[in-house]
Structure formats: structure tokens, C-alpha cells
Amino acid sequence: PDQFDQRRIRLADTDGSGTTDILYLSRDGVRVYFNHAARLGGRAADRAGSKKVLVTVSAGITAALLFLLLTPAAFVFLGVAAFVILYGLSFYGHQPALNALTGIMTPPERRGAVYGIFFFTSFGLGSLSQIITGYLMDSYPSNPEYSFYFLTLVAAVALILSTLIPDKRQNQTK
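Visitor: Would you mind going over the environment of I165 with me for this structure?
Guide: Counting through the fold element by element, I165 comes out in the segment after α6 (145–162). With residues near it in sequence (within four places) discarded, I165 still touches K51, L54 and L101.

So, in C-alpha cells, the structure goes:
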């Protein structure tokens, strides 16, 4: 049988859409796993505008966390299912809209620096929320929901901030 081997994984933009897909080189052939949420976010940003997509996905992340926190115990399966679907689509759908908006709003000579700052804030400062969440989980092991309330607060702040972004599109003039 073909067992999983991480050395057989490749990442590639298989169709030129700008999103990274996962390719698994099995003995039977290549299996392609498409990044549908990012494609959806990119297409939505092209049609509706990046700001609308960012507001929508920020609302989706906030709603997903609220579903997880506020679903009664008898319906926990539905709350977890709603969380996984909303959070998954929202989390991966934001990046194409954010990249497009950055490209539109940043002068060409500064785009590299701005994308570098985004990388730092996503993987550097962005780790701060995970550190705080871990601290809350360690400090209050009998109340893990504190961590999720904190993450919901961060998501709500992101939602509020996303409403302040100017609505610009590629074909608009400055």
C-alpha cells in the first residue's frame, strides 16, 4: 500500500491563479489538493472589492469563534461544524484580498517592503495572539474558554479595523 511520505509533497500554483496548491506524488500518480478558499477569496475580491471581502471574512472568523463559544452543550457538534466551515473559508479567503489591496494602495517601489512587513506581522507579531492564548490556557486550565474569548476579541478588533480600509479597486484612479 501507498503510505504517506512527506518527501512526496510539493507546493505549486497549478493553474496560474496565484494560490498555492498541494501536490502529493504517490506511486499511482499525482494527487492535487486545490486551495479553494483562497481562490474564492481572490475571485470575490476581483468582483466585489478587497474591502468587502476583508470585512466579510473578518465577520466570518468572529462568527465562527462565537459559534464555538456560545453553542449549547447539547448542540456542540453543530457549533464545531459551523466553526470549522466558517473559520476555514474565512481564514484562507482573506489573504488574496489583502494582497490585492496592498498592491493597489502601495506605490510599486515600496511593495516589497510592505509585503515584508505583512509577513513579519503575520508570522512575527501574529504569533503574539498564540502566545497570549497559550498563557491563558496554562493559567486557567479549568476555563479554556478564556482563550477563545480572547481570540474572539482579536477577531472583532480586526473586523472593526477592516471597516476603516479605503475601498479601492485596480481600475480606479487615485
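Visitor: Explain the nonpolar core to me, please; I cannot follow it from the model alone.
Guide: When a protein is soluble and globular, its nonpolar side chains tend to lie buried together. Counting residues in each nonpolar core, the largest one holds seven residues, listed as A45, V53, L54, V57, A97, L101 and I165. When contributions to this core are tallied by element, the ones reaching two or more residues are α2 (50–70) and α3 (76–105). The leading source of residues in this core is α2, at three residues. In this structure V53 touches G41, A44, A45, G93 and A97, once residues within four positions along its chain are discounted. I61, A64, L65 and A155 belong to the second-largest nonpolar core, a separate cluster that totals five residues.

Visitor: Before we go on, may I ask you to explain the pairing of strand β2 (residues 21–26) in this structure?
Guide: Successive side chains on a regular strand alternate, one facing one side of the sheet and the next facing the other. Alignment of strand β1 (residues 9–12) against β2, held across four bridges, turns out to be antiparallel. Bridging across to β2, L11 finds its partner in I22. When β2 meets strand β3 (residues 29–33), the two strands line up antiparallel, connected through five bridges. Paired with Y24 across the strands is R31, a residue of β3.

Visitor: How do you make sense of the packing of aromatic side chains when you look at a structure like this?
Guide: The way to describe two aromatic rings as a pair is by their centre distance and the angle between their planes. For the structure on display, the rule yields three aromatic pairs. For the pair F4 and Y24, a centre-to-centre distance of 5.6 Å together with 15° between the ring planes defines the contact as stacked. In this pair, F4 is assigned in the segment before β1 and Y24 in strand β2, connecting sequence segments 20 residues apart. Given the relative accessible area of 6%, Y24 is considered buried.

Visitor: Explanation requested: the sheet that holds β3 in the structure shown.
Guide: By definition, the strands of a sheet pair up through backbone hydrogen bonds, in either a parallel or an antiparallel sense. Spatial ordering of the open sheet is given by β1-β2-β3, a layout of three strands whose pairing is antiparallel. Sheet topology places β1 and β3 at the edges, where each strand pairs with a single neighbour. Adjacent strand axes in the sheet meet at a mean angle of 25°, parallel and antiparallel pairs treated alike.

Visitor: Whenever I open this one, the pattern of salt bridges confuses me. Can you help?
Guide: Here the idea is simple: oppositely charged side chains can pair when their charged atoms come close. Taken as a whole, this structure holds one salt bridge when the rule is applied. When the shortest N-O distance is used, the salt bridge between D5 and R7 registers 3.0 Å. Look at R7 and you get exposed, because its relative accessible area is 63%.

Visitor: Explain the packing of helix α1 (residues 36–48) against α2 here, please?
Guide: If you want to describe how two helices pack, look at the angle between their axes and the distance between the axes. Viewed as axis vectors pointing N to C, α1 and α2 meet at an angle of 130°, and their least axial separation amounts to 7 Å. As the angle between them shows, α1 and α2 are arranged oblique. Contacts from G41, A44, A45 and A48 in α1 reach S50, K52 and V53 in α2. Along the lines of polarity and charge, the residues of the contact of α1 with α2 split into four nonpolar, two polar and one charged.

Calculation notes
Residues numbered from 1 in each chain as written. Predicted model: local features only at pLDDT ≥ 70, side-chain atom pairs only at ≥ 80, totals over all residues. Heavy atoms only, no water. Helix = DSSP H or I, 4+ residues; strand = E, 2+ residues; numbered from the N terminus. Contact = heavy atoms within 4.5 Å. Core = buried A, V, L, I, M, F, W, Y, C linked by side-chain atoms within 4.5 Å. Buried < 20%, exposed > 50% of the residue type's maximum accessible area, 1.4 Å probe, protein only. Pairing = 2+ DSSP bridges. Phe/Tyr/Trp six-rings, centres within 6.5 Å; stacked < 30°, edge-to-face > 60°. Axes fitted to C-alpha atoms, helices over the stretch in contact; angles between N-to-C directions. Salt bridge = Lys/Arg side-chain N within 4 Å of Asp/Glu carboxyl O. Parallel < 35°, antiparallel > 145°, perpendicular 65-115°, else oblique. Nonpolar A, V, L, I, M, F, W, Y, C, P; charged D, E, K, R; others polar.

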